[in-house]
Amino acid sequence: AMIPPATRTSGVASNTRSLESLEESTGTVPSGYALLASTDEKSGRDAVDVYDSTNKLVAFHLLLSPGHCALRAAGVTTAPTTCADGSIKGGRASALVFTSGGSLVTLTEKLTVEKVDLLVKKNLYSAAVVVAYADPTYPAADITDLYRRYAEHLYRKGDLTGAVDQYIHTIGSLESSHVIFRFLDAPKIPLLVKYLNELRSRGRATPVHDELLKTCYLKLNDMEAAEAITSSASTVNRASLTSVLSNLTANPKEALSTICALEAPEAVEILVIHGASLARAMPQETAGVVIALCVGTFSPRSLAQKGGPTTDVTDLKKMVEYSSSEQEKLHEPYPVELFASAFIEQPKMLRLILAHCNRNKCALTPALRRTLLELTLEEWNQAKRTGDTEAQKLRHKEAITALTDAHCRDIGDYDALVIVQLAGFEEGELLLYERLQMTPMLLERYAMDGGENARRKMLALCQTDPEILPEVLGFFVALASERLEQQKNATNGEGGDPLLEEETEEILDDIHATLSLARRQAVAPPVRVARILAGEGTGQFSPMFPETTSAKNSASASKPPASTVPLSVALDYVGNILEESRQEGARLKAEVEEYNELCNSMENEIESLLRTSRGLPPLPEGESSSYEGGTSQKAQQQQEQLHLQVSIDELYAKIRNDDASSKKSVSSATSDQPLEAFWREMNQSEDSLETIARFFAKGVIR
């Protein structure tokens, strides 16, 4: 039995008794579980409960077999194991319970993912978070998602304070606008203030957030707090800010030099507000400053020591060649989303910033990851149109990496599928079809490819999903027919193509393998398989509106030949099917003959009983009631039927006379005795028909 978490806390009755301590037995059982035995109040049977003391709930309740009592228990915990990626996978606990009936009950702890899913289904989010945190291998992103779902659950219940507390745990992974929108009503403003203050304390607040927080304080008539927000909102030196704003349009290079001379927080504040103007005037230099701020390597002192504030940021190519591990981090990295809006008009610079931050493992929101994928595919398309092979290969590799790296799930499989379809990125489509198990789309893509690897994958799909085997066989037949036609045309020309002949043979071998698989799986009827091999399509039925003869004759000249394969490919399949059909026919024939003999035997027995009831002598042994011969047999049968009809009429008159006389002369006690004998013999007789005939002849039954 597995151990799913449960909410049943009343399963431990008042007469609960503790089994032998698991920890004393092995010393390796987690201290969070306790094993208790009790008597169930409803059924009166003994039960075993696993109690989770950490979350204060009954994790499992098991009723033992009737008459069984729990005697002793032992605990086992597997040792933690090291995975291939270097992570440590915790051990799983098991409990063994010995009962008085001689049975052994095994309880094994579920995996963390299964336990969390069960707890979430029961809305025990706090317990789910504790269980997820206890497992070091549980993904941090999934824990954050648990906090979000917990917050939304509390919000739906009306526990707004608890919802804000849980939303605070999602700062940095969940868009702040998602939370702010829920708490804009006047009664919820204090909760919004709490969230915005936490946002500011973690360095995630933008000037828009500061302005909103100030407005909330004014709504609450807290003037002192609003003035504090105003005084602390701008940490930039007034002279520096005036210099930047005055040179922003006239001399943007001088404005950027002034920004580079500031400390990181001051530079961030100016770029958040005026980044779009700087990016429009000096896109590469502004992108260099943003990258330095996002990876944590921005410092005015290091820039001054290298010959001026704009020495490094001017050479953007030189800056992006370094990774954050090669450079010393001088401050905490700033989130990329603070500067993303400044480069809306510069998509190439935005892609460069996002790609560099992604390589250096900077935190990117799902929206930014989708933006990175979309911009990468846009440049890939542009390189393909211009014939830039090097850039096309590079962007192709980056797009595949974005779809397969550790953060690919953040994009969303369906969102990524829409992006790659709009960009015409076939490799990405195929990858996502495989991940989403979209079998029809996969088959279509594999059929368009037609290569050896695609055919191997189609055969693998047939083994996992036998229902698609007719479609796969149809694809193979159409492909083989096309190759055979090409081979025929090449033979009629200058000469055959050895590569084409080899490929054709491989496709025919694949058809042979598919037919063998169809015979083993027995999903597709042989008639349907034969129609597919004959080129009549992969459907189960014939066309709904078949062409008329005149239409066929008029279109025969332009209609392409049917997709067929040589008969030699299907000989093994057809031969085996015919042999199985022959064996099945022989078996059915034998069963019919056996049934016919049984019917003849019963017919002879019935006729013998009828002859006995009419007072006729039984037929000689070995003689059948059905006589051989043409007209004599018919005449004999008519005579027998006539005699039988006369005998039945006489017998019926005799029975009526006997019945009338028996009613006058025989008492009820006497008449009951033959009936009792009749029913007694019916219960003991092996041949009920013979008993009925005998008592019917005696006049006991009417």
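None of the values given here were measured: they were computed from a predicted structure. (Residues numbered from 1 in each chain as written. Predicted model: local features only at pLDDT ≥ 70, side-chain atom pairs only at ≥ 80, totals over all residues. Heavy atoms only, no water.)

**Student:** Please clarify how helix α20 (residues 389–404) should be interpreted in this entry.
**Tutor:** Along an α-helix, residues three or four apart share an orientation, since each turn contains 3.6 residues. Its 16 residues give α20 an end-to-end C-alpha distance of 23 Å, which sits within 8% of 22 Å, the value for a rise of 1.5 Å per residue. Buried residues of α20: Arg395, Ala399, Ala402 and Leu403, and no others. Taken down its axis, α20 places every buried residue within 95° of arc, on the same side. Away from its buried face, by an angle of more than 90 degrees, α20 presents the exposed residues Glu390, Lys393 and Lys397. Here the buried face of α20 lies against α18 (347–359), α19 (366–386), α21 (408–411), α22 (413–423) and α23 (426–436). (Helix = DSSP H or I, 4+ residues; strand = E, 2+ residues; numbered from the N terminus. Expected span 1.5 Å × (residues − 1). Buried < 20%, exposed > 50% of the residue type's maximum accessible area, 1.4 Å probe, protein only. Arc of directions from axis to C-beta. Contact = heavy atoms within 4.5 Å.)

**Student:** What exactly am I supposed to notice about the packing of aromatic side chains here?
**Tutor:** Aromatic rings considered in pairs are described by the distance between their centres and by the relative angle of their planes. Summed over the entire model, instances satisfying the criterion amount to six aromatic pairs. An angle of 15° between the planes, with centres 5.6 Å apart, marks the rings of Tyr125 and Tyr150 as stacked. With a gap of 25 residues between them, Tyr125 in helix α3 (residues 125–134) and Tyr150 in helix α4 (residues 140–157) connect regions that are remote in the sequence. Grouping residues by exposure puts Tyr125 and Tyr150 together as buried. Members of the aromatic cluster, joined through ring pairs, are Tyr155, Tyr167 and Phe183. Stacked on the ring of Tyr155, the Lys or Arg Arg182 has its end atom at 5.0 Å from the ring centre. (Phe/Tyr/Trp six-rings, centres within 6.5 Å; stacked < 30°, edge-to-face > 60°. Lys NZ or Arg CZ within 6 Å of the ring centre and 35° of its normal.)

**Student:** Would you mind going over the pairing of strand β5 (residues 57–63) with me for this structure?
**Tutor:** Remember that side chains alternate between the two faces of the sheet whenever the strand is regular. In terms of burial, β5 is a largely internal element, five of the seven residues being buried. Taken together, the six bridges between strand β4 (residues 46–52) and β5 define a ladder with antiparallel strand orientation. What sits directly across from Asp52, in β5, is Leu57. Connecting β4 to the next strand, β5, in antiparallel fashion are four residues, including Lys56 with a positive phi near 55°. (Pairing = 2+ DSSP bridges.)

**Student:** Is there a simple way to explain the nonpolar core in this structure?
**Tutor:** A general tendency of soluble globular proteins is for nonpolar side chains to be buried together. Counting residues in each nonpolar core, the largest one holds 53 residues, and the members touching the most others are Leu35, Leu107, Val116, Tyr167, Tyr195 and Leu196. With near-sequence residues (within four places) excluded, Tyr195 lies in contact with Val164, Tyr167, Ile168, Ile171, Ser176, Val179 and Ile180. Counting residues in hydrophobic clusters, the runner-up holds 49 residues, among them Ile411, Leu461, Ala524 and Tyr573. (Core = buried A, V, L, I, M, F, W, Y, C linked by side-chain atoms within 4.5 Å.)

**Student:** Would you explain the pattern of salt bridges in this entry?
**Tutor:** Pairing between side chains becomes possible if they bear opposite charge and their charged atoms approach one another. Throughout the structure, instances matching the rule amount to 22 salt bridges. Across the salt bridge formed by Asp413 and Arg435, the nearest N and O atoms sit 3.0 Å from each other. Here Asp413, found in helix α22, pairs with Arg435, found in helix α23; they are 22 residues apart in sequence, far enough to count as distant. Where Lys457 meets Glu434, a salt bridge forms, and the shortest distance between an N and an O atom there is 3.5 Å. A residue pair is termed long-range when its members are at least 10 positions apart, and Lys457 in helix α25 (residues 452–464) and Glu434 in helix α23 qualify at 23 residues. On the basis of relative accessibility, which here comes to 30%, the residue Lys457 falls in the partly exposed class. (Salt bridge = Lys/Arg side-chain N within 4 Å of Asp/Glu carboxyl O.)

**Student:** I'm lost on the confidence of the model for the chain in this one. Help?
**Tutor:** Parts of the model with low pLDDT should not have their predicted coordinates read in detail. Per-residue pLDDT for the chain has a mean of 75; in total, 74% of the residues score no lower than 70. In the model of the chain, strand β1 (residues 2–3) stands out as the element of lowest mean pLDDT, 36, in contrast to helix α5 (residues 160–168), which has the highest, 92. Contacts for the low-pLDDT stretch residues 304–314, under 50 throughout, to residues beyond four places or in other chains number 16 contacts. (pLDDT = per-residue confidence, 0-100.)

**Student:** What am I meant to see in unusual backbone geometry here?
**Tutor:** Leave glycine aside and you will find that most residues have negative phi; peptide bonds, for their part, are mostly trans. The backbone of Lys361 shows a phi angle near 60°, a positive value even though the residue is not glycine. Looking at the secondary structure, you find Lys361 in the loop between α18 and α19. We note that Gln437 has phi near 55°; this positive angle belongs to a residue other than glycine. Counting through the fold element by element, Gln437 comes out in the loop between α23 and α24 (439–449). Among the residues examined, Gln437 registers a relative accessible area of 56% and is labelled exposed.

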